[in-house]
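Architecture and fold: a report
Next come the chains, spelled out residue by residue.
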Amino acid sequence: MTVSTAGTGVETLVLVMGDQLSPALSALRDVDPHSSRVLLCEVADETGYVPHHRQKLVFILSAMRHFAAELRAAGYAVDYVTLDDPDNTGSFTGELRRSLSRHGASRVLTTEAGEWRVRQMQHAWRGGELGVPVTVLPDDRFICTPEAFASWAEGRRELRMEFFYREMRRRTGLMMESGQPAGGRWNFDADNRRPAPAGMRFAGPLRFAPDAITSEVIDLVGRRFGSHPGAPGPFWLGVTRRDAGAALEHFLREALPGFGASQDAMLAGEPFLNHAVISPYLNVGLLDPLPVCRRAEAEWRAGRAPIEAVEGFIRQVIGWREYVRGIYWREMPGYRDRNSLGARRPLPGFFWTGDTPMACVAAVIRQTLELAYAHHIQRLMVTGNFALLAGIDPREVHEWYLAVYADAFEWVELPNTLGMSQYADGGLLASKPYAASGAYIRRMSDYCRGCEFDPRLRTGPRACPFNALYWDFLDRNRAPLSRNARLRTAYLTWERLGAAEQRACRESAQSFLATLDSS
Ligand code: FAD
Ligand code: SF4
């Protein structure tokens, strides 16, 4: 169905995409609602380039429909094309052409797309493909432009997030006092990275009941995407700016004070701990990063949250989030094809079901399929760590992460997966691989208590697979990794194991990997 408000004298057609749902978007900011029309379209190219989790599809499509309703209420004429419109061409280019012929607009205005793939389309539109002039404005919802990141990175021997983050603190003034970092330190991580403190209670994120629009989208997604992964419901995410604001306030009140203390912890049956669960909202434009950080800072200044929690949270948003975006735009398009460790194994089928005896991996995958959410350490140190140690092809790992999380958009997902988690960029993003044995998971979680494997055993049928895989990973990647100073102790420990134990580790890993390949 195409819903549009009839009007005359349309000069500008403004294309707004599903991750641009902000009234302050550059393409919307200065247009005159009376002489322009806003086009939002649900296109098959976007819903199908990976098998997106069904709740991710519901989230984005419902948020788009709600945004269109808000724009109409604010006086904009909106052209909205639904996925099941029989005339829907399935592409942005096709829908722009149709909308131009419907309304006779004399120019197109849009904001830079967040993904390389769509940016290429925008280049073609600007090159004359649509037959009218096309203006593509910068996306200024970020703190650092790709150009500013590139000039920060220029000439540096190595790129490290910590130094970039300090620049962002100076630029924004967040947690700064008289030009110095508040509390006398840039980084309070040393106070944070611990297992969950005993007795800590977790409120969990705010959940939202589907309204009529969301229920309609749930039906649509159920009908069209039955083969996609993920439980169809219960759907729980917010879909409006107001919902997202309420979710943020809930986090600030209930979880921010404990954010640092449990940041790296994992607990069975506690998918969220004290994480903010705001990345889907930030990534589609329902929240903006700078005001989010200013609200968190205000909680610290009011004495309601400790400095280590607030600094840790702000570092994720103005540090990591901006940093990975800078890497993405600096390194694409070649970045997606990098595979520095030559990992070639196909993604095991249990990534789509959670059907594995490894309790930690099963818990994270099942939670992911149920909620379209896992927190950072689950993504990095359980599923990501497993894929790294087992030598899974980074391209397949990337496509899995891009599909299954509600917050997954390539600019943020790809550097996190391919760079941080799989070390496939050879250390451009992370100074060492995030590889760990079962001892790490045992220390930081309670998963091992419910597992048929023993994290203290290196080899044998009851040994935790992460252990032999860890040593085998270091051994088989000796050439690219052994000169890394941060792995020196690990290689020394491997040498000290002696030839017989090393052989047993290799054999144990190989027999586990053979089972993986045959399953
Ligand atoms: P919190 O832990 O509460 O952090 C607050 C906010 O900081 C997040 O909402 C997010 O916006 C930002 N943030 C934290 N860490 C990162 C990071 N490493 N990179 C970018 N932003 C960060 N994040 C995505 O938004 N989309 C993705 O597709 C995505 N894929 C990932 C894949 C892998 C393999 C890994 C290891 C991490 C990935 N991340 C991704 C980063 C991070 O895991 C999520 O941002 C975070 O788990 C979102 O949950 P939260 O809102 O509860 O985050
Ligand atoms: Fe995971 Fe190993 Fe612990 Fe089992 S024993 S939960 S596989 S770390």
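Numbers given to residues run from 1 along each chain, matching the order in which its sequence is written. To label them, take the chains in the order written and letter them from A, then take the ligands in the order written and number them from 1. This being a predicted model, a pLDDT of at least 70 is required before a residue's local features are given, and a value of 80 or more before pairs of side-chain atoms are given or counted; all residues contribute to the totals for chains, interfaces and linings. Side-chain figures throughout are based on the complete set of non-hydrogen atoms in the structure, without hydrogens or water.

What to know about helix α5 (residues 116–129)
Here a strand is any run of E in DSSP of at least two residues, a helix any run of H or I of at least four, and the numbering for each starts at the N terminus. By this rule, a helix spans an expected 1.5 Å times one less than how many residues it contains. In this model, α5 (14 residues) spans 18 Å end to end at C-alpha, consistent with the 20 Å of a helix rising 1.5 Å per residue. Among the residues of α5, those classed as buried are Val118, Arg119, Met121, Gln122 and Trp125. Taken end-on, α5 shows its buried residues confined to a sector of 155°, consistent with a single buried face. The contact rule is simple, with two residues in contact once any of their heavy atoms fall within 4.5 Å. Against the buried residues of α5 lie β2 (12–15), α2 (44–48), α4 (92–103), β5 (107–111), β6 (134–137) and α13 (307–331). Under the scheme applied here, a residue whose accessible area is under 20% of the maximum for its type counts as buried, over 50% as exposed, and between as partly exposed, the area being computed with a 1.4 Å probe on protein chains only. The arc in question is formed by the directions pointing from the helix axis toward the C-beta atoms.

Looking at the site of ligand 1
Neighbouring residues of ligand 1: 28 residues in total, closest His275, Ala276, Val277, Asn283 and Tyr373. Under this definition, polar contacts are N or O atom pairs within 3.5 Å; protein pairs additionally need one hydrogen-donor-capable and one acceptor-capable atom, and for neighbouring residues in sequence, both atoms have to be side-chain atoms. One of the side-chain N or O atoms of His376 is found 3.0 Å from an oxygen atom in ligand 1. Note that a nitrogen atom of ligand 1 is positioned 2.9 Å from one of the side-chain N or O atoms of Asn416. In the complex, 99% of the free accessible area of ligand 1, which totals 820 Å², lies under the protein chains. Mapped by element, the contributors of at least two residues to the shell around ligand 1 are α11 (279–284), α13, α15 (376–390) and α17 (410–421). If you tally residues by element for the shell around ligand 1, the top one is α17, at six residues. Proximity is defined per residue: if any heavy atom of the residue lies within 4 Å of a molecule or strand, that residue is considered near it. For every accessible area listed, the method is Shrake-Rupley and the probe measures 1.4 Å; residues are considered covered only by the protein chains on display.

Quick notes on the nonpolar core
Membership of the largest hydrophobic core comes to 154 residues, with the highest contact counts inside it found for Leu40, Tyr281, Phe313 and Phe386. If you tally residues by element for this core, the top one is α13, at twelve residues. Those residues in contact with Phe313, other than ones at most four positions away along the chain, are Phe251, Leu256, Phe259, Ala276, Ile278, Val292 and Ala296. Among the nonpolar cores identified, the runner-up in size contains 21 residues, and Phe92, Ala105, Met121 and Val136 belong to it. In these notes, a set of buried Ala, Val, Leu, Ile, Met, Phe, Trp, Tyr and Cys residues joined through side-chain atoms within 4.5 Å is what counts as a nonpolar core.

Let's talk about α15
The first and last C-alpha atoms of α15 sit 20 Å apart over 15 residues, in line with the 21 Å expected at 1.5 Å per residue. Of all the bends found along α15, the most pronounced is centred on Gly384 and spans about 40°. Among the 15 residues of α15, 14 are classified as buried, and the element is accordingly described as predominantly covered. Where α15 terminates, the next one or two residues include Gly391, which has phi positive at roughly 70°. Two axes enter the bend calculation: one fitted to the seven residues ending at the residue in question, the other to the seven starting there, and the bend is the angle between them.

Remarks on the confidence of the model for the protein
As a per-residue measure, pLDDT tells how confident the predictor is, with possible values from 0 to 100. Averaged over the protein, the pLDDT score is 95; the fraction of residues at 70 or greater is 98%. Low pLDDT, under 50, characterises residues 2–8; the stretch is placed with 21 contacts to residues that sit more than four places away or in other chains.

Digging into the side chain of Arg160
Of note, Arg160 is situated in the loop between α6 (146–153) and α7 (161–172). The class of Arg160 is buried, set by a relative accessible area of 17%. Excluding residues within four positions of it along the chain, Arg160 makes contact with Trp152, Tyr323, Gly427, Leu428, Leu429, Ala430 and Ser431.

A closer look at the site of ligand 2
Near ligand 2 the following residues occur: Met358, Ala359, Cys360, Ile441, Tyr447, Cys448, Cys451, Phe453, Pro455 and Cys464. Of the residues that constitute the shell around ligand 2, the class distribution is ten nonpolar, no polar and no charged. Any residue outside Ala, Val, Leu, Ile, Met, Phe, Trp, Tyr, Cys, Pro, Asp, Glu, Lys and Arg is labelled polar, Gly included; the first ten of those are nonpolar and the last four are charged.

Side note on the domain arrangement of the protein
Interfaces are often sized by the amount of accessible area the parts lose when they come together. Segmenting the protein into domains produces domain 1 (2–137), domain 2 (146–208 + 234–326) and domain 3 (349–518). Start and end points for every domain follow an automatic or database-based domain assignment. Using only C-alpha atoms to locate each centre, domain 1 and domain 3 end up separated by 40 Å. Contacts between the two partners involve 13 residues from domain 1 and, on the opposite side, 16 residues from domain 3. We define buried area as the total accessible area lost by two parts upon association, computed with a 1.4 Å probe and summed across both. Considering only the side of domain 1, the residues that lose the most area to domain 3 are His53, Lys56 and Glu115, jointly responsible for 45% of the buried surface there. A class-by-class count of the residues in the side of domain 1 that touches domain 3 yields six nonpolar, four polar and three charged.

Looking at the pairing of strand β4 (residues 77–81)
Of all five residues that make up β4, five are buried, and the element is covered over most of its length. Alternating positions in β4 separate into two faces, Ala77, Asp79 and Val81 on one and Val78 and Tyr80 on the other, with burial throughout. Bridge analysis of strand β3 (residues 36–41) against β4 gives five bridges, and the strand direction is parallel. Bridge assignment links Leu40 to a residue of β4, and that residue is Tyr80. Only strands joined by at least two bridges in the DSSP assignment are considered to pair.

Quick notes on the environment of Ser35
Relative to the assigned elements, Ser35 resides in the loop between α1 (26–29) and β3. Taking the relative accessible area as the measure of exposure, Ser35 reaches 15% and is therefore buried. Expressed as a C-alpha distance, the spacing of Ser35 and Cys293, which sit 258 residues apart in the sequence, is 36 Å.

Some words on the packing of aromatic side chains
Put simply, two rings from Phe, Tyr or Trp (the six-membered ring, in Trp's case) pair if the centres are within 6.5 Å, and we call them stacked under 30 degrees between planes, edge-to-face over 60, tilted for the rest. Applying the stated criterion across every chain yields a total of 27 aromatic pairs. Ring centres of Phe251 and Phe259 lie 6.1 Å apart, and the angle between their planes is 80°; this geometry places the pair in the edge-to-face category. Neither residue differs from the other here; Phe251 and Phe259 are each classed as buried. With 5.0 Å between their ring centres and 85° between their planes, Tyr328 and Trp329 make a pair best called edge-to-face. The same class applies to Tyr328 and to Trp329, which are both buried. Just above the ring of Phe142 sits the side chain of Arg325; from NZ or CZ to the centre is 3.7 Å. Definition used: whenever NZ (Lys) or CZ (Arg) falls within 6 Å of the ring centre and also within 35 degrees of the ring normal, the charge is taken to sit over that ring.

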